[in-house]
Amino acid sequence: MIRLHTPVKDSDIKKLKAGDIVYFNGTIFTGRDAAHQRLVNTLDKGEKLPIDFHGQVIYYTGPTPAKPGRPIGSCGPTSSYRMDAYSTPLMKEGLKVMIGKGDRGAEFIHDMIQEKGVYLQAVGGAGALLSRKVKKSEVVLYPDLGAEAIYKLEVEDFPAIVTYDMHGGNLIVDEVKKYQTKQLED
Amino acid sequence: MRNVDLGLITKTVKDLALDANCEIGKSFLDVLREAIKKEKSEIGKNVLEQIVENDEIASASREPMCQDTGMVVVFLEIGYDVHLNGDIYDAVNEGVRQAYIEGLLRKSVTKHPITRGNSNDNTPAVIHTKLVPGDQIKITLAPKGGGSENMSLVKMLIPSDGVPGIKKLVLHTIFYAGGKPCPPLVVGIGIGGNLEKSAMIAKEALMRDIHDINPDPVLEKLERELLDEINELGVGPMGFGGSTTALAVKIAAYPCHIASLPVAINIQCHASRHKTSII
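Residues numbered from 1 in each chain as written. Chains lettered and ligands numbered in written order. Predicted model: local features only at pLDDT ≥ 70, side-chain atom pairs only at ≥ 80, totals over all residues.

### Comments concerning the sheet that holds strand β5 (residues 137–144) of chain B
Residue and element names in this part refer to chain B.
Argument step 1. If you trace the four strands from one edge of the open sheet to the other, you get β4-β2-β5-β10, paired in mixed fashion. The sheet is open, and its two edges are formed by β4 (126–132) and β10 (275–278), each paired on a single side. Along the sheet, successive strands turn relative to each other by an average axial angle of 15°, direction set aside.
Argument step 2. Packing of helix α1 (residues 6–22) onto the sheet brings it into contact with β2 (71–79), β5 and β10, and relative to β5 it is tilted by some 40°. (Pairing = 2+ DSSP bridges. Helix = DSSP H or I, 4+ residues; strand = E, 2+ residues; numbered from the N terminus. Axes fitted to C-alpha atoms, helices over the stretch in contact; angles between N-to-C directions. Contact = placed C-beta atoms within 7 Å.)

The following block contains the structure:
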């Protein structure tokens, strides 16, 4: 069992291998399409990011509103490939860990390895279950975006599985191969 | 002629939206539980167990099973002998608005596809109407998630492509979608009609009960064959690899032009949410 505390250290990421189950503790940030676009627009204008992402984790999710007495609503991962176009500039600003669902493009994987980052998946569609791992949440940026705002989450043992590691390991390719008994025709 | 009060439509839509988002239903849960037993991958099994646990939590504590509470699709089957005292589309959207605001569901609809901006109440719904005999209104409501909808498509095949062409298109679509549409899936397929008809019947096919059997023997055979072949692709639960990529294939057909063979594939994630009520 691997437990990581945020912000993560480069040495922590180096140890991770595709297939490892990691439990995150501490602060993680949420972000999805609209927030990513704004962050990258900020960089494109030559301005500084409003959040220091060094060693940080971005979890691709847009939660439902919290019920009274609960820290957050349902908060499962959204598809990560939509963030591919924005991830490289953020990794260049120190972002190390991305959590979402689904596979991502070859260009992203290349850049992630170069920037010594890691991509993990949480279980898609398990939003109610994952909400139990979040102890506190607050909107810290772009409140006008509603569910797409950037939230700061305090998590305890938030589970995710290493999908692409910095050594080139690729869980999806390895695992699918094991169970594929029908090849696609060209 | 029967008068139906629009307030009743609004209330019914609201209740269906709340219910659909929190209750996957016993019938579908049974299929997921059965899949755990059959899944060959250990990771896959674990993912399916988490999905079942998630759906049980959602049902017990009445909260959305998935944070993507969808854009709402509503099918209205309106009897010829029904009289309405106003705009039924407004009444449906009011029901969606109330459910998503009062029920703390996520607002996932933009005001405009290009300039974006959130409509903040999850309206408008996508509403389809059909006129049918009788004096009742049947409402089927489905909160449809973006992840699985994004992996859906329509392709205009030609007659010479035939069944092999249809299968090839489906298998490619499911394989390259991988974990993005949140498998295990229900795959809705519309064959025939024209561009929009194929998409419509594919969506309608997703509203069928998970256990039902297609009355058309040609389609029933194709459903069985495609389900097996999809599950041989190895994509597995959430794309982590495994033998459970789809739980069901539901196909609908419609006559088409002599030059055409339209095929629409509408993908449904494992949060297969649809509820029906008759007024």
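Additional details are given in the paragraphs that follow.
### Overview of the domain arrangement of chain B
Residues and elements named next belong to chain B.
Argument step 1. Domain annotation of chain B identifies domain 1 (2–20 + 65–144) and domain 2 (147–272).
Argument step 2. Here the C-alpha centroids of domain 1 and domain 2 sit 26 Å apart.
Argument step 3. Mapped onto the side of domain 1 that touches domain 2, the elements with two or more residues apiece are β2 and β5.
Argument step 4. No other element matches β5, which puts three residues into the side of domain 1 that touches domain 2.
Argument step 5. Each residue belonging to the side of domain 1 that touches domain 2 can be placed in one class, and the counts come to five nonpolar, one polar and two charged. (Domains from an automatic or database assignment. Nonpolar A, V, L, I, M, F, W, Y, C, P; charged D, E, K, R; others polar.)

### What to know about the environment of A199 of chain B
Residue and element names in this part refer to chain B.
Argument step 1. Of note, A199 is situated in helix α7 (residues 195–206).
Argument step 2. Given 21 C-beta atoms within 10 Å, A199 falls into the buried group.
Argument step 3. Residues A199 and P262, spaced 63 residues apart in sequence, show a C-alpha to C-alpha distance of 9.0 Å.
Argument step 4. Here A199 is in contact with V154, G190 and A264, once residues within four sequence places are set aside. (Buried ≥ 20, exposed ≤ 12 C-beta atoms within 10 Å, placed from the backbone.)

### A look at the interface of chain A and chain B
Interfaces are often sized by the accessible area lost when the parts come together.
Argument step 1. Between chain A and chain B, the contact holds 36 residues from the first and 46 residues from the second.
Argument step 2. When grouped by side-chain class, the residues that make up the side of chain A that touches chain B number 13 nonpolar, 15 polar and eight charged.

### As for the sheet that holds strand β9 (residues 261–268) of chain B
Residue and element names in this part refer to chain B.
Argument step 1. With mixed pairing, four strands are arranged side by side in an open sheet as β6-β9-β7-β8. The outermost strands of the open sheet, each flanked by one partner alone, are β6 (153–157) and β8 (246–256). When the angles between neighbouring strand axes are averaged without regard to direction, this sheet yields 15°.
Argument step 2. Pairing of β6 with β9, which is carried by five bridges, proceeds in the antiparallel orientation. Of the residues in β9, the one forming a bridge with K155 is V263.
Argument step 3. Packing of α7 onto the sheet brings it into contact with β6, β7 (185–193), β8 and β9, and relative to β7 it is tilted by some 145°.
Argument step 4. Packed onto the sheet, helix α8 (residues 217–231) meets β7 and β8 and runs at close to 140° relative to β8.

### Structural notes on the pairing of β5 of chain B
Remember that side chains alternate between the two faces of the sheet whenever the strand is regular.
Residues and elements named next belong to chain B.
Argument step 1. Counting buried residues along β5, six of its eight residues qualify, which places the element largely inside the surrounding structure.
Argument step 2. The pairing of β2 with β5 spans eight bridges and is antiparallel. Each bridged residue has a counterpart across the sheet, and for E77 the counterpart in β5 is K138.

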